[in-house]
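Each chain, written out:
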Amino acid sequence: MNRLSVEKRALIINLLTEGNSIRGIARIIGCSKNTVTKLLVDAGRVAAHYQDKTMRNLKLRRVECDEIWSFVYAKKENLPQAQQPPARAGDVWTWVAICPDTKLVPAWWVGDRTIDTAELFMNDLAARLANPVRLVTDGHQPYLEAVEGAFGNQVDHRILRKRYPKHPLDISTTAHVERQNLTMRMSIRRMARRTNAFSKKVENHAHMMALYYLVYNFARRHRSLPGRATPAMAAGVTSQIWAFEDIVRLIDEPN
């Protein structure tokens, strides 16, 4: 089987999570777009599975949640003019949770902005936590029912009415998760509000999210953490900083 070297595949993963399009990466590496897309799919599947397995029994104190918008194939308002759009084309939202202390993203969920997706997201987040937390969300209505259903009375849920605190450590803010969402929007070409590198399939969009958060949690140092550790190190999930080659080796491991 003709396969790119570990170093080239590591570079592709790096470029995917640093704002480059698939077409641009193919030109840089000197390979086909299909090669880059296949690596994205393989890496995304492995990234989702690995984090689902390891992000358990997390001892976090605070969690902030927010949603970030993007689109698949075409924006919702352009779907009537689109030619043969896939079933799940249109606006898509990624629900994100972040711990402001460790900067870890323990959970995310790709879907719409309805109560159904809110419940899936909150149930997934609750299953990963080892103890009650202080949870901060905005006033988006689906949070109210979803948080109660997932956590019951085992959470201190604070609802933020979109204000900005004078003190950066204010516990009733979603500033950390909103800043992380901005970082993600700048790091992934398909997340830009105006882009021609948007996802053509919602499955590939979800693969990109999983890969991005694997890199963010395990391979990217955070300058606000002691020793510039990664979020996964700060949360006690791992003891080392991952290299992009480690992600490639994870892909190559037998199932």
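Along each chain, the written sequence defines residue order, and numbers are assigned to residues from 1. Local features are withheld for residues below a pLDDT of 70 in this predicted model, meaning they are given only at 70 or higher, and side-chain atom pairs are given and counted only at 80 or more; totals for whole chains, interfaces and linings count all residues. With hydrogens and water set aside, each side-chain value is computed from the structure's full complement of heavy atoms.

Student: Quick rundown of the packing of helix α3 (residues 33-54) against helix α7 (residues 202-219)? Include the residues and the values.
Tutor: As a rule, the C-alpha atoms of each element are fitted with a line to give its axis, helices using only the stretch in contact, and angles between N-to-C directions run from 0 to 180 degrees. Elements are defined by DSSP. Helices are runs of H or I of four residues or more, strands are runs of E of two residues or more, and each kind is numbered from the N terminus. Relative orientation of the contacting elements α3 and α7 amounts to 60°, with a least axis distance of 7 Å. Judged by the inter-axis angle, α3 sits oblique to α7. Relative to α7, α3 is oriented so that their crossing is left-handed. Across from Thr37, Leu40, Val41, Ala43, Gly44, Arg45, Ala47, Ala48, Tyr50, Gln51 and Thr54 in α3, the residues of α7 making contact are Asn204, His207, Met208, Ala210, Leu211, Tyr213, Leu214, Asn217 and Phe218. Here the residues of the contact of α3 with α7 sort into twelve nonpolar, seven polar and one charged. Each angle is binned into one of four classes, with values under 35 degrees roughly parallel, values over 145 roughly antiparallel, values of 65 to 115 roughly perpendicular, and all other values oblique. Whether a crossing is left-handed or right-handed is set by the direction in which the near helix is turned from the far one by less than a right angle, anticlockwise for left-handed and clockwise for right-handed. What makes two residues a contact is simply this: any of their non-hydrogen atoms within 4.5 Å. Gly counts as polar in this scheme, as do all residues outside two lists: the nonpolar Ala, Val, Leu, Ile, Met, Phe, Trp, Tyr, Cys and Pro, and the charged Asp, Glu, Lys and Arg.

Student: If you had to explain the pattern of salt bridges to someone new, which residues and values would you point to?
Tutor: By definition here, a salt bridge exists when the distance from a side-chain nitrogen of Lys or Arg to a carboxyl oxygen of Asp or Glu is within 4 Å. For the structure shown, the criterion picks out 13 salt bridges. A salt bridge links Asp52 to Arg128, with the nearest nitrogen and oxygen atoms 2.7 Å apart. With Asp52 in helix α3 and Arg128 in the loop between α4 (115-126) and β4 (134-138), this residue pair connects regions lying 76 residues apart in the sequence. Here the term buried applies to any residue with accessible area under 20% of the maximum for its type, exposed to any over 50%, and partly exposed to those in between, with areas from a 1.4 Å probe on protein chains only. For Asp52, a relative accessible area of 34% puts it in the partly exposed group. Notably, a salt bridge pairs Asp124 with Arg128, separated by 2.9 Å at the nearest N-O pair. The pair Asp124 / Arg128 is uniform in exposure class, with both members buried.

Student: Can you lay out the side chain of Arg128 for me, pointing to particular residues and giving the numbers?
Tutor: A relative accessible area of 5% means that Arg128 is categorised as buried. Residues contacting Arg128, with those up to four places away along its chain left out, are Gln51, Asp52, Met55, Arg56, Asn57, Leu58, Pro106 and Ala107.

Student: An account of unusual backbone geometry is needed here, citing residue identities and associated values.
Tutor: Even without a glycine there, the phi angle at Asn57 is positive, about 55°. Tracing the backbone through its elements, the reader meets Asn57 in the loop between α3 and β1 (62-72). The phi dihedral of Lys103 falls on the positive side, at around 70°, and the residue is not glycine. The exposure class of Lys103 is buried, given its relative accessible area of 12%.

Student: Account for the sheet that holds strand β5 (residues 156-160), naming residues and giving values.
Tutor: In space, the five strands of this open sheet follow the order β3-β2-β1-β4-β5, with mixed pairing throughout. Single-partner strands in this sheet number two, and they are β3 (107-111) and β5. Adjacent strand axes in the sheet meet at a mean angle of 20° when their direction is disregarded. What makes two strands pair is DSSP finding at least two bridges between them. In terms of strand pairing, strand β2 (residues 90-98) meets β3 through five bridges, oriented antiparallel.

Student: Please give an account of the packing of α4 against helix α5 (residues 142-151) that cites residues and values.
Tutor: Following both chains from N to C, one finds α4 and α5 inclined at 35°, their axes separated by 8 Å at the closest point. Crossing hand, α4 versus α5: right-handed. Packed against α4, whose contacting residues are Ile115, Ala118, Glu119, Met122, Asn123, Leu125 and Ala126, the element α5 presents Pro142, Tyr143, Glu145, Ala146, Val147, Gly149, Ala150 and Phe151 at the interface. Here the contact of α4 with α5 is built from residues that sort into eleven nonpolar, two polar and two charged.

Student: Hey, could you go over the packing of aromatic side chains for me, with residue numbers and the actual values?
Tutor: Given two aromatic rings, their pairing is described by the distance between the two centres and the angle made by the two planes. Aromatic pairing here means that ring centres of Phe, Tyr or Trp (its six-membered ring) are within 6.5 Å. Orientation follows from the plane angle: under 30 degrees is stacked, over 60 is edge-to-face, and everything else is tilted. According to the stated counting rule, one finds eight aromatic pairs in the structure shown. With a centroid separation of 6.0 Å and 45° between ring planes, the pair formed by Trp95 and Phe121 is classed as tilted. Taken as a pair, Trp95 in strand β2 and Phe121 in helix α4 lie far apart in primary sequence, 26 residues in all. For the ring pair Phe218 and Trp242, a centre distance of 4.9 Å and an interplane angle of 50° mean the geometry is tilted. In this pair, Phe218 is assigned in helix α7 and Trp242 in the loop between α8 (231-234) and α9 (244-252), connecting sequence segments 24 residues apart. Assigned by exposure class, Phe218 and Trp242 land together as buried. An aromatic cluster is present here, built from Trp108, Tyr212, Tyr213 and Tyr216 joined pairwise through their rings. In this scheme, the term charge over a ring applies when either NZ of a lysine or CZ of an arginine sits within 6 Å of the ring centre and within 35 degrees of the ring normal. Positioned above the aromatic ring of Trp93 is the side chain of Arg113, whose terminal nitrogen or guanidinium carbon lies 4.7 Å from the ring centre.

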